[in-house]
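Architecture and fold: a report
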Amino acid sequence: NEAKLQEILDQYPPKVQKNRKKHIFIKRSDVESQQIEANTRTIPGIITNRGCAYAGCKGVVLGPIKDMVHIVHGPIGCGYYAWNTRRNKAKSDDPKQNFINYCISTDMQESDIVFGGEKKLAKVIDEVMEIFNPKAITLSATCPVGLIGDDMGAVAKAAEAKHGVQVLSFSCEGYKGVSQSAGHHIANNILMEKVIGTGEQEEAPAKFPINLLGEYNIGGDGWEVERILKEIGYHVVSVMTGDGSYEAIKNAHTAELNLVQCHRSINYIAEMLETKYGTPWLKVNFIGIEGTIESLRNMALYFDDKELTLKTEAVIASELARIEPIFDQYKKICEGKTAFCFVGGSRGHHFQNLFSELGIETLLAGYEFAHRDDYEGREVIPTIKTDADSKNIPHYTAEVDEKRFRLKVSPEKLEELKAKIPLGQYNGMRFDMKDGSIIVDDLNHFETEEFIKVLKPDIFTSGIKDKYVIQKMGINSKQLHSYDYSGPYAGFNGAVKFAEDISMGFASPTWNFITPPWKNQPLLEGSVTEEGV
Ligand code: CFM
Ligand code: HCA
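Residues numbered from 1 in each chain as written. Chains lettered and ligands numbered in written order. Predicted model: local features only at pLDDT ≥ 70, side-chain atom pairs only at ≥ 80, totals over all residues.

Okay, the overall build of the chain next. Along its length, the chain carries 22 helices and 14 strands. On C-alpha atoms alone, the chain measures out to a radius of gyration of 23 Å, which is about the 24 Å that the 2.2 N^0.38 rule sets for 533 residues. Across its three principal axes, the chain shows a C-alpha extent of roughly 65 × 65 × 45 Å. For the chain, with 533 residues in total, the buried portion stands at 47%. For the chain, the share of sequence-separated contacts (at least 6 apart) that also reach a separation of at least 24 residues comes to 75%. (Helix = DSSP H or I, 4+ residues; strand = E, 2+ residues; numbered from the N terminus. Rg over C-alpha atoms; globule rule 2.2 N^0.38 Å. Buried ≥ 20, exposed ≤ 12 C-beta atoms within 10 Å, placed from the backbone. Contact = placed C-beta atoms within 7 Å.)

See the structure below:
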């Protein structure tokens, strides 16, 4: 693979090659560490899959909170983009407090850019209060808002005084970061500062209270995980933010344990909850049968309750008995195949479990916007340099809540647990990958095509931007963001659904009608020189 990789890189002009080389490595377990460059700017002109800070803040973290109205301050394109394309599902007992199907924007025009958009924003808030009467509102800034200098914070403050509900302002202009990752951080900080812990409850109303962090209920994933957790006897205080509820998030401080599914988007809140309330977090992965089982067993170890442990095992046994015969049928279709898995900031890692359970080997994986810790493990965090781009994110540090801080387990017990389960720990993608497999950060269009030609995977899982390019190359392609209108893929039922969907992809006769470009087209050979660019 080393030589093949070099061949691909050799096609780049020297400067680009030098840069891209740092974002790619081949897994070797005989060396202790392998550093990757991540969370840095994409070279202008390169076709990346990344989104922007606004996408990460409004689209990812805030959008799924159903009982708040999310106003996008900006031109209509930015608002339209976030209109349910992410498939973050939500249902509510009170249909009047479920705004998930709406897309609300100030629809800024040229004149607003010239004369300022604050008045228009205030008017939209008034209209929203009149029409929807939500419990709270968020305002998200798009690029032009920051460029013209609208003071969204002042508008929010005035609106709070006028309407008596919380109006949160997020300066998540697209350019605030190198990707959506900055937007996650901005959203985490403000939710922590202004929402979490503002609920009245001192204690959870039931035993074994947990928060499920970094689960956005795409295609119903969160519902499947909740189904299992509730069957075992957990009390789910809040899910952040899938099928999310403002009221529930306010009381998130009452949990005894925080589960972290997507580390990238929510590790900030997880860490701050520990600092502020003394609640530890556990890295879980509810993608894949084994991942789900391991996560459930680790939770049982943490709570260390005989009945809970017995119930955990009973649920695992009954779920397995139900799904294994079906799963095994699909395994016959999948076994021996190979995959590329390039997704966002956590699924590029998480879905490798499920592939391997189906007998599929992951040859190449990566993230669009994850940080070094998501590749190399959290222990590298102290060595990560803060650059000018990350300094764009306003700093926020959580402090101990003197009234509510309570150690959930003794320090000795915590140490003992840490040796057995990933409490406050995440090993990253590299840890789980096979020697020889390729890890790529911010994979681009050119590399997508080149790696496909060289390694010819049977399936390539990624997103909408490259899906059709991949299919036209004759390769089964599956979106692991939106799940292509399907799902859930998490938990026990999700594993079966995923197996079914990708088996259908493999078994489809469509592929017989496609001739990949390298079979009937002369390939253009040659190299691009620095001068030629
Ligand atoms: Fe976390 Fe996500 Fe992901 Fe993400 Fe996303 Fe997403 Fe994703 Mo698309 S929060 S990092 S910013 S798991 S929207 S639900 S699918 S890229 S891998
Ligand atoms: C985003 C959202 C996205 C895009 C999906 C894709 C999502 O990045 O802003 O590229 O297919 O999951 O909807 O990641």
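Close contacts around ligand 2 come from 14 residues, with Gly51, Ala55, Gly463, Ile464 and His481 the closest. Within the residue set of the shell around ligand 2, elements represented by two or more residues are α3 (53–62) and α20 (464–472). Classifying every residue of the shell around ligand 2 by side-chain character gives 2 nonpolar, 10 polar and 2 charged. (Near = placed C-beta within 6 Å. Nonpolar A, V, L, I, M, F, W, Y, C, P; charged D, E, K, R; others polar.)

This part covers unusual backbone geometry. At the junction of Met240 and Thr241, the peptide bond is cis and its omega measures out at -5 degrees in the coordinates. Tracing the chain through its elements places Thr241 in strand β7 (residues 235–241). Backbone geometry places Asp442, a non-glycine residue, at a positive phi of 50 degrees. Take Asp442: it is sitting in the loop between β12 (438–441) and α19 (445–455). C-beta crowding within 10 Å serves as the criterion here: with 27 such atoms nearby, Asp442 is assigned to the buried category. Even without a glycine there, the phi angle at Tyr483 is positive, about 60 degrees.

Turning our eyes to something else, we now look at the site of ligand 1. Lining the immediate environment of ligand 1, one finds 16 residues, of which Cys262, Gly344, Gly345, Arg347 and His481 sit closest. When the residues that make up the shell around ligand 1 are grouped by side-chain class, the tally is 5 nonpolar, 8 polar and 3 charged. If you count residues domain by domain, the shell around ligand 1 takes at least three from each of domain 1 (53–176) and domain 2 (209–326 + 378–427). (Domains from an automatic or database assignment.)

For helix α21 (residues 491–507), built from 17 residues, the straight-helix expectation of 24 Å at 1.5 Å per residue is met to within 8% by its first-to-last C-alpha distance of 24 Å. Looking only at α21, the buried set comprises Gly491, Phe492, Gly494, Ala495, Lys497, Phe498, Ala499, Ile502 and Gly505. Residues of α21 that are buried sit in contact with α10 (221–232), α13 (289–303), α14 (306–334), α15 (347–357), β13 (459–462) and β14 (476–479). (Expected span 1.5 Å × (residues − 1).)

A separate point is the sheet that holds β12. Two orientations exist for strands paired in a sheet by backbone hydrogen bonds: parallel and antiparallel. Spatial strand order, β1-β12-β11-β10-β13-β14: 6 strands in an open sheet with mixed pairing. With one partner strand each, in any of the chains shown, β1 (24–26) and β14 form the two edges of the open sheet. The average angle at which neighbouring strand axes cross in this sheet is 15 degrees, direction not considered. Bridge count between strand β10 (residues 338–342) and β13: 3 bridges; the pairing is parallel. When the sheet's bridge partners are listed, Cys341 is paired in β13 with Thr461. Contacts from α15 reach β10, β11 (361–367) and β13 within the one sheet, and its direction differs from that of β11 by about 165 degrees. With respect to the sheet, α19 is in contact with β10, β11, β12 and β13, its orientation differing from that of β11 by roughly 170 degrees. (Pairing = 2+ DSSP bridges. Axes fitted to C-alpha atoms, helices over the stretch in contact; angles between N-to-C directions.)

Another aspect to go through is the domain arrangement of the chain. We note that the domain assignment places domain 1 (53–176) and domain 2 (209–326 + 378–427) within the chain. One C-alpha centre belongs to domain 1, the other to domain 2, and the line joining them spans 29 Å. Taken together, the contacts link 16 residues of domain 1 with 15 residues of domain 2. Tallied by class, the residues present in the side of domain 1 that touches domain 2 amount to 7 nonpolar, 1 polar and 8 charged.

Per-residue confidence for the chain gives a mean pLDDT of 96; residues scoring 70 or more make up 98%. Two summary scores accompany this predicted model of the complex, namely pTM at 0.96 and ipTM at 0.98. (pLDDT = per-residue confidence, 0-100.)

The strand order β7-β6-β8-β9 describes an open sheet built from 4 strands, whose pairing is parallel. Edge positions in the open sheet fall to β7 and β9 (281–283), since each of these has one partner strand only. Taken pair by pair, the neighbouring strands of this sheet meet at an average axis angle of 25 degrees, ignoring direction. Sheet analysis places strand β6 (residues 209–215) next to strand β8 (residues 257–260), joined by 4 bridges and oriented parallel. Its bridge partner being in β8, Asn211 is matched across the sheet by Asn258.

Once that is clear, we can look at the environment of Gly117. With respect to the element layout, Gly117 can be found in the loop between α5 (110–115) and α6 (118–132). On a C-alpha basis, the gap between Gly117 and Phe460 in space is 43 Å, while along the polypeptide they are 343 residues apart.

Let us look at the packing of helix α9 (residues 181–194) against helix α12 (residues 263–277). Two quantities define a packed helix pair, namely the angle between the helix axes and the distance between the axes. At their nearest, the axes of α9 and α12 sit 8 Å apart, and the two run at 30 degrees to each other. On the basis of the axis angle, α9 is roughly parallel to α12. Once α9 is placed against α12, the crossing between them reads as right-handed. Between α9 and α12, the residues in contact are Ser181, His184, His185, Asn188, Asn189, Leu191 and Met192 and Arg264, Ser265, Ile266, Tyr268, Ile269 and Met272, respectively. Considering only residue class, the contact of α9 with α12 consists of 6 nonpolar, 6 polar and 1 charged. (Parallel < 35°, antiparallel > 145°, perpendicular 65-115°, else oblique. Left-handed = near helix turned anticlockwise from the far one by under 90°.)

What follows is about α13. If you check α13, its first and last C-alpha atoms are 22 Å apart, about what 15 residues at 1.5 Å a residue would give, namely 21 Å. Those residues of α13 that sit buried are Ile289, Gly291, Thr292, Ser295, Leu296, Met299, Ala300 and Tyr302. With its phi angle positive at about 50 degrees, Asp304 sits one or two positions after the end of α13.

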